[in-house]
Amino acid sequence: MALKMEEIVSLCKRRGFVFQSSEIYGGFASCWDYGPLGVELKRNVKEAWWNSVVQQRDDMVGLDSSILMHPKVWEASGHLATFHDPLVDCKFCKARFRADHLKNLEVCPNCGNKGTLTEPRQFNLMFKTFVGPVEDDSNIAYLRPETAQGIFVNFVNVQNTTRKKLPFGIAQIGKSFRNEITPGNFTFRTREFEQMEIEYFCRPEDAPRLHQEWIDARYQWYLDLGITKEKLSLRPHDKEELAHYAQSEESTGTTDIEYQFPFMDEPAELEGIANRADFDLSQHAKFSGQKMTYFDTKTNEHITPYVIEPSAGADRATLAFLVDAWNQEEVKPGDTRTVLKFHPKLAPIKTAVLPLLKKRDDIVNVCHQINDDLKKYFPSTYDDTASIGKLYRRQDEIGTPYCVTVDVQTVEEDNAVTIRDRDTMQQERVSLDQVKSYLRDKLDM
Ligand code: GAP
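Remember, it's a predicted structure, so these values are computed and weren't measured experimentally. (Residues numbered from 1 in each chain as written. Predicted model: local features only at pLDDT ≥ 70, side-chain atom pairs only at ≥ 80, totals over all residues. Heavy atoms only, no water.)

Caption draft 1: The arrangement of the overall build of the protein in detail. Along the backbone of the protein there are 13 helices and 23 strands. With respect to the three principal axes, the spread of C-alpha positions in the protein is 75 × 65 × 50 Å. Counting across all 445 residues of the protein, residues that qualify as buried make up 49%. Pairs at least 24 apart in sequence give 65% of the contacts found in the protein among residues at least 6 apart. Per element, the accessible surface of the protein, about 21800 Å² overall, is 48% carbon and sulfur. Computing the positive centroid from 56 side-chain charges and the negative centroid from 69, the protein places the two 2 Å apart. (Helix = DSSP H or I, 4+ residues; strand = E, 2+ residues; numbered from the N terminus. Buried < 20%, exposed > 50% of the residue type's maximum accessible area, 1.4 Å probe, protein only. Contact = heavy atoms within 4.5 Å. Areas by Shrake-Rupley, 256 points an atom, 1.4 Å probe, with all protein chains shown as cover. Lys, Arg positive; Asp, Glu negative; His and termini not counted. Charge placed at Lys NZ, Arg CZ, Asp CG, Glu CD.)

So this is what it looks like as structure tokens:
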């Protein structure tokens, strides 16, 4: 059964994955808050990314740069001059659209009137603010529209302190802000979002090969974390749609990793992998008057490295993992279950420890002992607020890979528990002293 947008939004609210921002005031357009389970899921996505692109590689280091930066950064980066979307308004119903998202500029898609749309005008997507108490032009600052620029301006600092040799990369996770004209599709397009970006510096002649290597590596990352292969695709950009930093003759362009969300007509971008050539370092050298080069001790030359940029959205990846994990299954005639089949690394809670009889202190005590022990290694929870069947279904619906049930037999006969697998619903009897190693082994944690 195909998942509808309303269904995932409702599950997210009901189970505490995502809430509407400022809900008690009627909400705030296209802003969302991650609830107790959502924050764990998104953290797991970011940690899986960081682990794969920083901790497991010798050629990568991390960074956490500030959101507010010198306004010259955005002049140099080209964002002030070119980070625009074409905007059209309907003079009749006042709806707003991105002109490049409309097939026909003659008819308003909202009210259906002909000839009521204005001529497209360019609208800069950066949020403007003022630094300090005086609101004048000399105090203007921008909320960063990409985390990338924090990496470029720190290129020399990082290279000097780490002594990394080309090729090497810098990774960063952080909030970015864009005053999108048409946000929507739940957390897919919002005005405040989190990016996971890499700027990978290399010799110009190595850029085409490394571009392809990063496309392959990033595509594989989604598959390794369980995304359905048939829904994941690669799409090289057409020349006309390339961002300003990937338009030079030297660039090998941009390839997007796309996912077919069930509630969208076409595959949509999760991540773009661009060859930015030497655009950014050259621009910052020009605007700051500082050297942004790399000294190659082998060839005794100063070069401006080229940059391969795999740039992913943490919110989009989280949404993709969430909808991809969603399944509705008929367990037996007339009995269906909703189950989120997350990869164990992404599941917000890894194990739930459940008593068969919550009135038996001896059973409950064993549950707490097991749960306390498991919590040292991964998120685990105790629940006794319903019958065992209902508790299993609740854990299925939030994607908990294993449930551990303590029963009368545990305390009176065999010192063993039942461990239930979320996906197969198979149960296994495991002796108490093996529970931890059994689960750590299964979860690889
Ligand atoms: N530094 C390059 C850059 O920012 P981008 O394609 O504009 O490139 C990269 O953005 C990723 O950031 C996108 O693939 C998407 O996952 C995420 N992203 C961009 N705009 C977004 C928005 N309005 N809401 C949520 N995620 C967004």
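And the narrative resumes.
Caption draft 2: Local environment of the site of the ligand. What surrounds the ligand is a group of 21 residues, the closest being Glu146, Arg178, Thr190, Glu197 and Glu269. At 2.8 Å from a nitrogen atom of the ligand is found a side-chain nitrogen or oxygen belonging to Glu180. At a separation of 2.6 Å, an oxygen atom of the ligand approaches a polar side-chain atom of Glu269. Going through the elements one at a time, strand S10 (192-202), strand S13 (268-277) and strand S16 (306-313) are the ones with two or more residues in the shell around the ligand. When residues of the shell around the ligand are assigned to their parent elements, the largest contribution, five residues, is made by S13. Looking at side-chain class alone, the shell around the ligand contains six nonpolar, five polar and 10 charged residues. (Near = heavy atom within 4 Å. Polar contact = N/O pair within 3.5 Å; in protein donor to acceptor, adjacent residues only side chain to side chain. Nonpolar A, V, L, I, M, F, W, Y, C, P; charged D, E, K, R; others polar.)

Caption draft 3: Representation of the pattern of salt bridges. This structure, assessed with the given rule, holds 41 salt bridges. A salt bridge links Asp280 to Arg276; the nearest nitrogen and oxygen atoms lie 2.8 Å apart. You can call Asp280 buried: its relative accessible area is 2%. Note on Arg276: relative accessible area 0%, which makes it buried. The partner of Asp414 in a salt bridge is Arg429, and the shortest N-O contact between them spans 3.0 Å. Linking Asp414 in helix H12 (residues 408-414) with Arg429 in strand S23 (residues 427-431), this pair joins segments that are 15 residues apart in sequence. On the basis of relative accessibility, which here comes to 33%, the residue Arg429 falls in the partly exposed class. (Salt bridge = Lys/Arg side-chain N within 4 Å of Asp/Glu carboxyl O.)

Caption draft 4: The arrangement of the packing of aromatic side chains in detail. Following the criterion strictly, the structure yields 14 aromatic pairs and no others. For the ring pair Phe155 and Phe168, a centre distance of 6.0 Å and an interplane angle of 10° mean the geometry is stacked. Linking Phe155 in helix H6 (residues 155-162) with Phe168 in strand S9 (residues 168-177), this pair joins segments that are 13 residues apart in sequence. Neither Phe155 nor Phe168 differs from the other in exposure class; each is buried. Through successive ring pairs, a cluster of aromatic residues spans Phe152, Phe155, Phe168 and Phe201. (Phe/Tyr/Trp six-rings, centres within 6.5 Å; stacked < 30°, edge-to-face > 60°.)

Caption draft 5: Highlighting the sheet that holds strand S4 (residues 84-89). Here three strands make up an open sheet; going across it, the order is S5-S4-S6 and the pairing antiparallel. Each having just a single partner strand, strand S5 (96-98) and strand S6 (121-124) make up the two edges of the open sheet. When strand polarity is set aside, the average angle formed by the axes of neighbouring strands in this sheet is 45°. Across four bridges, the pairing between S4 and S6 is antiparallel. What sits directly across from Leu87, in S6, is Arg121. (Pairing = 2+ DSSP bridges. Axes fitted to C-alpha atoms, helices over the stretch in contact; angles between N-to-C directions.)

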